[in-house]
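Remarks on the overall topology
One letter stands for each residue in the lines below.
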Amino acid sequence: MQFPESWLREFCNPPLSTEKLAELLTMSGMEVEELRPVAPPFHGIVVAEILEAEQHPNADKLRVCKVNAGGAEPLQIVCGAPNARAGIKVPLATVGAELPPGEDGKPFKIGVGKLRGVESFGMLCSARELKLSEDHGGLLELAADAVIGEDIRKHLNLDDTLFTLKLTPNLGHGLSVFGIAREVAALTGTPLLKAEFPAVKPTTDDKLPIRIDAPDLCGRFSGRIVKGIDTMAKTPAWMVQRLERCGQRSVTALVDISNYVMFEYGRPSHIFDLDKISGELVVRWGKAGEQLKLLNGNTITVDEKVGVISDAREVESLAGIMGGDHTAVSDDTRNVYVEAAFWWPEAVMGRGRRFNFSTDAGHRFERGVDASQTVEHIERITRLIIDICGTPDTRVGPMDDQSPNVPVRRPVALRVARAAKVIGMPLTQAQCEGVFTRLGLPFTATDGVITVTPPSWRFDILIEEDLIEEVIRVLGYPTLPSTAPLAPIVGRTGSESRQSAHALRRAVAARDYFETINFSFVEERWERELAGVTDPIKLLNPIAAPLSVMRTSLIGSLVQVLRHNQARRATRLRVFELGRVFKRDASVANGPLSVAGIDQPLRLGGLAWGPADQQQWSQRDRAVDFFDVKGDLEALFAPQTLSFEAAEHPALHPGRSASVKLNGVAIGIVGELHPRWRQAYEISGGAPVVFELNLDAALARTLPHGQPLPRQQAVQRDLALVVKDSTPHDALMATITAAGGALLRSAKLFDVFKPAAGASTDLQPDERSMAVRLELLDDEVTLTDDRIEAVVSTIVAAASNQLGARLRG
């Protein structure tokens, strides 16, 4: 919400400086995001009138002007602007004046100059030269009633300040200058200028039939006919200026009037071309397949969940959001219908974003607009139309006002003792009553309890805590005492068998991964293709049309991060995310941290793509592969031992993916992204490797147990076992470990041999040699050769019997 300070002070002018006023609003919950002067610093520029404008004798594009600046004699000014002509009033920078700083940051000082042999005693200015706008097509033409010689800063009110407020969604009543002024009056006690709306006397009986078929869409609808107006009339400079300072460009007089009242009182309205309406206007919900061309040029298709205003022929407006192109006012319009309505916030919320645009009207109606003053605001609009666009033939119809379903405000009780407890300082009932009186909140009081009936413009007062917040923000947060906490502070020590999520993040980052944070809502395509979920949880009101479902896997988010980085020519990427996923689960019940029917587990996901290591001179680049990421996972879980079993996943390469198991329990998945999805998502430069794990399993850790140093010497033996290619590593190691008994301390694979095709060897084409190093130890006595050979023989026999292995010759 942006507005000029001068407009605010017309409604309420507290004895506060601009900075103090901004601080007051911020501390009351209406954060002032920016304070910005209307114009940069300059001086010596006055209002002047061009008396004569003659062609320069030595230049085709220059004119020699005689200018009245309020002095004893006219000044001679050489000017090159195409609109320099006699009779207009323009800004004049006199000799000694300083224009706004240029790109070098230094002000431009005006002196006596000579252009093509003709002296110039000053400079006539454009809006761009004064840095009031980017318009440099000619001189800035001022109003005809501008006082000659008056300082231009005073004439254009350039010493004003623009306030930009960052309002939270519950502060819909602050989306107007009058609404902010009402808050300032309550906070400072300064009188608020009462808004008056004198009724315009009807001069014709003409009325447009209106029918409201959807009271759950429109609670109140007011309107009137105005005939015989001049839509070509020029918007007054004061209105254009205020609209521009609110961030709204001038369009036409009728549009400007509607926008002006919206900024002034927070009332969006719409003006129809009466002659383009067929029959009556009907307020209803849309019908599937109906189309509407909007004022922004877009053509949309509505359905039963979108409110519309239609006539006997077609849909004419998107209710509470934007009007239609067919009944838009134009230069040929002579008769109009002015409409102001109360649209239920729930009926407008999210509809604009559904069609990928937002409007000031929709922004306000989503938060709630006062339903009690539709008639008064139409009176205000009507008066402005007559004053600006009126002609001798202008006729005004009677007011048509229908209220089928206006909001009924439920009283809210405030217990003074509870308010004091929640706020944390003593409060009296008189203080609370004073706050509600200043805010204009009607109430009744009994001993210790104040019952407030929220006024029509306050949609944010629903529970007792809302009233408590009103009390402290009006009394002022600085009044809160600095009281030390009285509750005992007891340190809570976490279990050593579970590391913190922060510690896990640091451990993953130490493996050269960067953390990324993504939305929990994703594209439905990601869920279908990368997670195999055909019925994900859909959002009722997505922030963007593609992000329409809740994710059940982190893989889609990580792939999108890769695409984003590849689009920016990244050559290497290692990222991880610790985030929540959302799955349907009928067994989940409602609770403080749960929603019925939805499981929300936390996951750890990661993706590696590009070279396995940072580029360096001592080694060649090697693309990251499955075993690099497998090693990262094993390092994260050490000293616990992970096992990996071949598995399939919708997102992963069927021959290069595995289930990750801890103590025999599956805790996640790891593997290369499927070639099909690499092509579909336009991923180049090698296959990314992704993993996703249950967070609880990743946070758990095994506590170390002390063991005495061995008193005997360990013995190592190497076995080269020939097995079928289909024999997995885990099966071989499990067989060796089981057969080794108590003397076998460890068994590690250190070599795999597969002969080249056609080579002379004792291995068959479907066989390979796997070399395993055995470590044997007896803590009590030294191992003898007989005992060692007995263990080795047992292992070889077990491998032969169970896996068909044999010793390599």
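Rules of the game
- Residues numbered from 1 in each chain as written.
- Predicted model: local features only at pLDDT ≥ 70, side-chain atom pairs only at ≥ 80, totals over all residues.
- Heavy atoms only, no water.
- Phe/Tyr/Trp six-rings, centres within 6.5 Å; stacked < 30°, edge-to-face > 60°.
- Helix = DSSP H or I, 4+ residues; strand = E, 2+ residues; numbered from the N terminus.
- Buried < 20%, exposed > 50% of the residue type's maximum accessible area, 1.4 Å probe, protein only.
- Core = buried A, V, L, I, M, F, W, Y, C linked by side-chain atoms within 4.5 Å.
- Contact = heavy atoms within 4.5 Å.
- 1 Å grid on protein atoms, 1.4 Å probe; cavity = no way out; pocket = protein on both sides within 12 Å on 5 of 7 lines; lining within 4 Å.
- Points joined across faces, edges and corners; volume = space filled by probe spheres on them.
- Polar contact = N/O pair within 3.5 Å; in protein donor to acceptor, adjacent residues only side chain to side chain.
- Pairing = 2+ DSSP bridges.
- Nonpolar A, V, L, I, M, F, W, Y, C, P; charged D, E, K, R; others polar.

This paragraph deals with the packing of aromatic side chains. Overall, the coordinates contain 15 aromatic pairs when judged by the stated rule. Ring geometry for Phe11 and Phe178: centres 5.4 Å apart, planes at 80°, overall edge-to-face. With a gap of 167 residues between them, Phe11 in helix α1 (residues 5-11) and Phe178 in helix α4 (residues 177-188) connect regions that are remote in the sequence. Neither Phe11 nor Phe178 differs from the other in exposure class; each is buried. Relative to Tyr260, the ring of Trp238 has its centre 5.5 Å away and its plane inclined at 85°; by these criteria the two rings are edge-to-face. Of this pair, Trp238 sits in helix α5 (residues 237-245) while Tyr260 sits in helix α6 (residues 253-265), and the two are 22 residues apart along the sequence. By relative accessible area, which is 1% here, Tyr260 ends up buried.

All right, on to unusual backbone geometry then. Cis geometry marks the peptide bond from Ala638 to Pro639, where omega comes out at 10°. By secondary structure assignment, the location of Pro639 is in the loop between α17 (626-637) and β34 (642-646). The backbone of Asn157 sits at a positive phi, close to 55°, despite the residue not being glycine. Secondary-structure assignment places Asn157 in the loop between α3 (152-155) and β11 (161-166). At Glu682, a residue that is not glycine, the phi angle is positive and equals roughly 55°. Note that Glu682 resides in the loop between α18 (675-680) and β37 (689-694).

In this section: the nonpolar core. With 49 residues, the main nonpolar core has Phe3, Leu165 and Ile385 as its most contacted residues. Of all elements in the fold, only α1, α2 (18-27), β11, α4, α5, α6, β21 (336-343) and α10 (374-389) reach the threshold of two or more residues within this core. Among the elements that make up this core, the one with the highest residue count is α6 (eight residues). Among all residues touching Leu165, those that are not within four sequence positions of it are Met1, Phe3, Met30, Glu31, Val32, Glu33 and Ile180. Ile212, Leu294, Trp344 and Val348 belong to the second-largest nonpolar core, a separate cluster that totals 38 residues.

This next bit is on empty space enclosed by the protein. In the structure shown here, the tally under the stated rule is one cavity of 30 Å³ or more. Roughly 30 Å³ of internal volume is contained in the largest cavity. Lining of the largest cavity is provided by Asp206, Lys207, Leu208, Gly223, Arg224, Ile225, Tyr337, Pro398 and Asp400.

Note on placement: Ser497 falls in the loop between α13 (464-475) and α14 (501-510). With 207 residues separating them in the primary sequence, Ser497 and Pro704 have C-alpha atoms 9.8 Å apart. Filtering out sequence-adjacent residues up to four positions away, Ser497 remains in contact with Leu699, Ala700, Arg701 and Leu703. Reaching out from Ser497, the side chain makes a polar contact with the side chain of Ser495 at a distance of 2.7 Å.

With four bridges connecting them, strand β25 (residues 443-446) and strand β26 (residues 449-452) associate as antiparallel partners. Its bridge partner being in β26, Thr446 is matched across the sheet by Val449. In sequence, β25 turns back onto β26 through a hairpin of two residues, with Gly448 there showing a positive phi of about 85°.

This part is about the sheet that holds strand β19 (residues 315-318). Pairing is mixed across the open sheet formed by five strands, whose spatial order is β12-β15-β18-β19-β20. Across the chains shown, the open sheet's two edge strands, defined by having one partner strand only, are β12 (210-212) and β20 (322-323). One ladder, built from four bridges, connects strand β15 (residues 281-285) with strand β18 (residues 307-310); its direction is antiparallel. If you follow Trp285 over to β18, its bridge partner there is Gly307.

To find leftover empty space, one rolls a probe the size of a water molecule over the atoms. Quantified by volume, the largest pocket comes out at close to 1200 Å³. Along its surface, the largest pocket is lined by 31 residues, and Leu140, Ala237, Val240, Gln241 and Glu244 are the ones closest to its centre. Partitioned by chemical class, the residues of the lining of the largest pocket number 14 nonpolar, ten polar and seven charged.

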